[in-house]
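# Architecture at a glance
Here are the chains, one letter per residue:
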Amino acid sequence: MCCYITMVIERPTRRRFCSWIAFHLALLLFVGIRALAEIRYSIPEEVKDGTAVGNVAKDLGLDISSLFDRRFRVVSESKDAFFEVNQNNGALYVHKKIDREELCQGSGACLMELKVIVENPLEIHYVIVEITDVNDHSPSFPEKEQIFEIFEQTLPGKRFQLHTARDPDAGINSIRTYTLTSNEHFEVDIRQSDEDKIPFLVLKKSLDREQKDKHTLLVTAVDGGKPPRSGTLNVSIIVLDSNDNSPIFSQEIYQIEIQENVPVGTSIFQMNATDSDEGTNSEIEYSLGKIVKTKVYDIFELDKLTGEIRVKGVVDYEENDVYKLDIEASDKGTPPLTGECRVIIKIKDVNDNPPEIEVTSLSNTVSEDSKPGTMISLISFKDKDSGVNGKILSSITSDVPFVLKPSYKENIYSVVTKGFLDREEVSHYEITVKATDCGEPPLSTFKTLSIQISDVNDNSPHFGQNPLQFYLGENNVAGNSIFSVSATDNDFNENAAISYHIVRGGNQNDFMSFLNVNSDNGHISALKSFDFETLKTFQFQVVATDSGTPSLSSNVTVNVFILDQNDNAPVILYPVSSNGSAEGVEEIPRNVNAGHLVTKVRAYDADIGYNGWLLFSLQEVTDHSLFGLDRYTGQIRTLRSFTETDEAEHKLVILVKDNGNVSLSATATVVVKVVEPKEAFAASDVKSATKNEEENNVTFYLMITLGSVSTLFLISIIVLIAMQCSKTTDYTSKYLQETNYDGTLCHSIQYRSGDKRYMLVGPRMSIGSTIVPGSHANTLVLPDRRGTSGEVRKQSFIQYFLQAYTSLSVLCSKFAFHQVSKAFTTEESMKYHWHQSPKSLKCVVFLYRLY
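Residues numbered from 1 in each chain as written. Predicted model: local features only at pLDDT ≥ 70, side-chain atom pairs only at ≥ 80, totals over all residues. Heavy atoms only, no water.

## Examining the overall build of the chain
- Secondary structure assignment for the chain yields nine helices and 54 strands.
- For the chain, the proportion of its 851 residues judged to be buried stands at 45%.
- Pairs at least 24 residues apart make up 67% of the contacts formed inside the chain by residues separated by at least 6 positions.
- Entry remark: accessible area of the chain is about 44,200 Å², with carbon and sulfur atoms responsible for 51%. (Helix = DSSP H or I, 4+ residues; strand = E, 2+ residues; numbered from the N terminus. Buried < 20%, exposed > 50% of the residue type's maximum accessible area, 1.4 Å probe, protein only. Contact = heavy atoms within 4.5 Å. Areas by Shrake-Rupley, 256 points an atom, 1.4 Å probe, with all protein chains shown as cover.)

## Considerations on the pattern of salt bridges
- Overall, the coordinates contain 19 salt bridges when judged by the stated rule.
- When the shortest N-O distance is used, the salt bridge between Arg 73 and Glu 119 registers 3.2 Å. You can see Arg 73 sitting in strand β4 (residues 73-76) and its partner Glu 119 sitting in the loop between β7 (110-118) and β8 (123-132), a full 46 residues away along the chain.
- Residue Asp 303 is joined to Arg 310 by a salt bridge in which the shortest nitrogen-to-oxygen separation is 3.9 Å.
- Residue Asp 303 is classed as partly exposed on the basis of its relative accessible area of 23%.
- By relative accessible area, Arg 310 is classed as partly exposed at 22%.
- One network of salt bridges, in which partners are shared, links Glu 301, Asp 303, Glu 308 and Arg 310. (Salt bridge = Lys/Arg side-chain N within 4 Å of Asp/Glu carboxyl O.)

## What about the side chain of Thr 445?
- Among the secondary structure elements, Thr 445 is positioned in strand β32 (residues 444-454).
- Take Thr 445: its relative accessible area is 19%, and that puts it in the buried class.
- Here Pro 355 takes part through its backbone oxygen, which lies 2.5 Å from a polar atom of the side chain of Thr 445.
- With residues up to four places along the chain from it excluded, the contact list for Thr 445 reads Pro 354, Pro 355, Ile 357, Val 433, Lys 434 and Ala 435. (Polar contact = N/O pair within 3.5 Å; in protein donor to acceptor, adjacent residues only side chain to side chain.)

## Describing the sheet that holds strand β3 (residues 52-55)
- The strand order across the open sheet formed by three strands is β3-β6-β5, and the pairing between neighbours is antiparallel. The sheet is open, and its two borders are formed by β3 and β5 (83-85), each paired with just one other strand. For this sheet the average axis-to-axis angle between neighbouring strands, irrespective of direction, equals 20°.
- Of the pairings in the sheet, the one linking β3 to strand β6 (residues 91-94) comprises three bridges and is antiparallel in character. The residue of β6 that forms the bridge with Ala 52 is Tyr 93. (Pairing = 2+ DSSP bridges. Axes fitted to C-alpha atoms, helices over the stretch in contact; angles between N-to-C directions.)

## Considerations on the sheet that holds strand β10 (residues 159-161)
- Strand order in the open sheet formed by three strands is β10-β13-β12, with antiparallel pairing between adjacent strands. The open sheet has two free edges, formed respectively by β10 and β12 (186-193), since each of these has just one partner strand. Across the sheet, the mean angle separating the axes of adjacent strands is 35° when strand polarity is ignored.
- In terms of strand pairing, β12 meets strand β13 (residues 196-203) through eight bridges, oriented antiparallel. Opposite Glu 187, over in β13, you have Val 202 as the bridge partner.

## Some details on the environment of Thr 360
- Note that Thr 360 resides in strand β25 (residues 356-362).
- Separated by 245 residues in sequence, Thr 360 and Lys 115 have C-alpha atoms that sit 9.3 Å apart.
- For Thr 360, the contacting residues outside a window of four places in its chain are Arg 73, Lys 115, Ile 117, Leu 378 and Ser 380.

## Description of the nonpolar core
- By size, the foremost hydrophobic cluster in this structure holds 28 residues, and its most contacted members are Met 271, Phe 300, Leu 325, Ile 327 and Ile 345.
- Excluding residues within four positions of it along the chain, Met 271 makes contact with Phe 249, Tyr 254, Tyr 286, Leu 302, Thr 306, Gly 307, Ile 309, Ile 327, Cys 341 and Val 343. (Core = buried A, V, L, I, M, F, W, Y, C linked by side-chain atoms within 4.5 Å.)

## Let's talk about the packing of aromatic side chains
- If you walk through the whole model with that rule in mind, you get 15 aromatic pairs.
- Look at Phe 249 and Tyr 286: their rings are 6.3 Å apart centre to centre, the planes differ by 50°, and that puts the pair in the tilted class. Of this pair, Phe 249 sits in strand β16 (residues 248-249) while Tyr 286 sits in strand β20 (residues 284-288); the two residues are 37 residues apart in sequence, bridging distant segments of the chain.
- Under the relative-accessibility criterion, Phe 249 is labelled buried at 9%.
- Taking the centre distance of 6.4 Å and the plane angle of 10° together, the rings of Trp 613 and Tyr 632 count as stacked. Highlighted residues: Trp 613 in the loop between β45 (602-604) and β46 (615-621) and Tyr 632 in the loop between β47 (627-629) and β48 (635-638), separated in sequence by 19 residues.
- Overall, Trp 613 belongs to the buried group, its relative accessible area being 17%.
- Of the aromatic side chains, those joined through ring pairs into one cluster are Phe 470, Phe 483, Phe 530, Phe 538 and Phe 540.
- Positioned above the aromatic ring of Phe 200 is the side chain of Arg 159, whose terminal nitrogen or guanidinium carbon lies 4.5 Å from the ring centre.
- Here the basic side chain of Lys 409 rests over the ring of Tyr 126, its NZ or CZ set 3.6 Å away from the ring centre. (Phe/Tyr/Trp six-rings, centres within 6.5 Å; stacked < 30°, edge-to-face > 60°. Lys NZ or Arg CZ within 6 Å of the ring centre and 35° of its normal.)

## Considerations on the environment of Glu 46
- Along the polypeptide, Glu 46 turns up in the loop between β2 (38-44) and β3.
- Residue Glu 46 is classed as partly exposed on the basis of its relative accessible area, which comes to 27%.
- Note: C-alpha distance between Glu 46 and Lys 96 (50 residues apart in sequence) is 9.4 Å.

## A few points about the side chain of Glu 119
- Glu 119 sits in the buried class, given a relative accessible area of 11%.
- At a separation of 3.2 Å, a polar atom in the side chain of Glu 119 contacts the side chain of Arg 73.
- Within polar-contact distance, the side chain of Glu 119 engages the side chain of Ser 361 at 2.9 Å.
- Those residues within four positions of Glu 119 in sequence are excluded, and the remaining contacts are Arg 70, Arg 71, Arg 73 and Ser 361.

## Side note on the confidence of the model for the chain
- Here the chain averages 77 in pLDDT, while 76% of its residues score no lower than 70.
- This model gives residues 1-35 a pLDDT under 50, and the stretch forms 41 contacts once residues within four places in sequence are excluded.
- Within the model, the stretch residues 686-691 combines pLDDT values under 50 with three contacts to residues more than four positions away or in other chains. (pLDDT = per-residue confidence, 0-100.)

## A few points about unusual backbone geometry
- For the bond from Lys 226 to Pro 227, the omega torsion is 0°, close enough to zero to count as cis.
- Here Pro 227 is to be found in the loop between β14 (214-223) and β15 (230-240).
- Going from Glu 440 to Pro 441, the amide bond is cis rather than trans, its omega being -5°.
- Relative to the helices and strands, Pro 441 is located in the loop between β31 (428-437) and β32.

## Here we look at the environment of Asp 331
- Checked against the element boundaries, Asp 331 lands in strand β23 (residues 322-331).
- As a C-alpha pair, Asp 331 and Thr 280 span 51 residues in sequence and 7.3 Å in three-dimensional space.
- The residues contacting Asp 331, other than those within four sequence positions of it, are Asn 243, Asn 245, Ser 246, Pro 247, Asp 275, Asp 277, Thr 280, Asn 281, Glu 283, Ile 284, Pro 336 and Leu 337.
- Polar side-chain contacts of Asp 331 include one of 3.3 Å to the backbone nitrogen of Gly 333.
- A distance of 2.6 Å separates a polar atom in the side chain of Asp 331 from the backbone nitrogen of Leu 337.

## Some words on the pairing of strand β17 (residues 253-259)
- Along β17, the buried face is formed by Tyr 254, Ile 256 and Ile 258; none of Ile 253, Gln 255, Glu 257 and Gln 259, which line the opposite face, is buried.
- Relative to strand β24 (residues 338-348), β17 is paired through seven bridges, and the arrangement is parallel. The residue bridging Ile 253 from the neighbouring strand is Arg 342, located in β24.

Laid out in structure tokens, this is it:
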């Protein structure tokens, strides 16, 4: 075996060798592509399986340790895999027994072209393996015996063609000579015809039938092998009287041309030979010569009487482009004489074979961040036809971001990207490759490559709305999910797996520590129960982060509004006894008229809207005809004048309940004592002693409260005017307070969501308000007087400023109310201030409603 490196041409004949080398060198210089070396090995036929041919990896300079990872392999154009490579050591070895005579018919060099492919990066190398012949076949004759009938008048020098022996071996192992057993009449002469040696039996001495009428000879064909092999032919010669004129053809060689795929039975040529003899000696029969290859008999037939040559089988140019028929014309003389000629039939190619597309290597998955020009596949085209019919035009017919890029070798292309890829737009491509030959009509072949685009993390999570607004009823169950956030990611698999977390900072409000988000599904739970009376709204941010590398994230602002529930029972403010129970004693003169105000029950509910709207009713009374209770104000008045028969003491139990869906209530007990007018006046004189001091205390606290609130109000007006000099903004704060005092301490809260403003109200609604269907029962939608400028920062600052102003005002009002409440130590002092200073007391009540 031998190995040498050279540039290999497809048909390695010597006369084309130099022209192919010049062509490849010029092509490499013009295109500028790195030339890949082609390796040539030589190995004899019939070697055992596993026989090493050569170390391809070593000869190519490849790293043996990376052969497995780079998918080092060999691809052959033949159907049978005669060779394989060892990925462990890079050796090329015989995989299947090789019979050169079966693989390569003829005496020329038997070459096999292999493609050695490695990937990452993709490289293709060409290996030529020459199969050398060994002398494993003996010469053989088509028949065991050949008989000649020769007239005794035959002159010396007459030649008789013998059967030609066939030896499948090539080169020196083919037939070299013919020998004949020793005799005095005949000798063997060899004529060289193309690649064949044709033996002739030559008469060197005239025959004498009377001496001997039959001669038996042995012809031996010997090849040039070492040791030589031989085959024999028995030749029998019958001596007859001679027919002295042989049939003659008009020319020794005829050449005709037919198209391939001609129909079976078509007549393609008419033979015509003449014989100068007469009678039976001039009657001619035609036959195919004995040296014609066996396959010719399957394709053509010869009419022995007419000499017509007809098509018998399928004529395929790709299988054989020329046929040589030796025709013999024999007369019917005794002995018969023959004449020979050769018919050369050339096959004209027809475009009957579509191009073939072979995908040598394919990367089924391509990353979406691949740069333009990235190679994904190596494709080769071939057409069995020749000339123009075998010239191939290739293209990609589908509208895809891929193109065919020619290689340095003809009909080999690489499929590369021509632009940037985006998996989120198209995740899968079907690349249709079309190959069309230039025949008439042209034939085409299509091949579809399926390419999957792999994902990279190039898309951040996206929230459908930002900011988000949620409404949560107070008294939620601690630990339960209160709402959820959800983000989407256009990426795939891990790049689209989103986790959530809440942004927590050192200066966050206390409520942030009570919020928790499920990192997998975005469900947000509260670790404590919220109280509307303590916290009405809060804001926080949630960050959505994907699992890509590197990870991408986005955040969303969540605004939460707490909705009120009826969770506070009414609180009795008056009457209240010294031990804290809701009990009081009222004394009235017996001579009062009907409609006299006995006292007023005062109560407060921390809830808002209907939940804080209180109603009063008499649950227990001694005499229903004597006292009446106002349902809305809690005032107790006499219904008639007292009589002598009326009892001196009456007990009234008043029920105070709110208007929630499940109403809550409280009771107060008022004991009314009926006294004579003198006793009532005496009690009045005793109480008047403390009247002045209590009034002074009330006036002092009212002055402090009103002064503080007025100062804050003026400051806020000045700030608002300064900020609105250039543009009108929204003068309604997020939380507005309404003064609607009717004897019951109730209040309302307003808040805004989107382009609507909501208000939770008490029993009396503002004119122009409308109830939103499907909303909270106590929620109204008010006309939005906000400007459309969208100056969010100004509005936020105004809202925070008004909230601060409201909070300070509430603190002052609450302080004043508690101080005034302490001053009202008795029922009489309350009544006194209510009748004597109604404006002062009502102002205190107004301030408390602000709270």
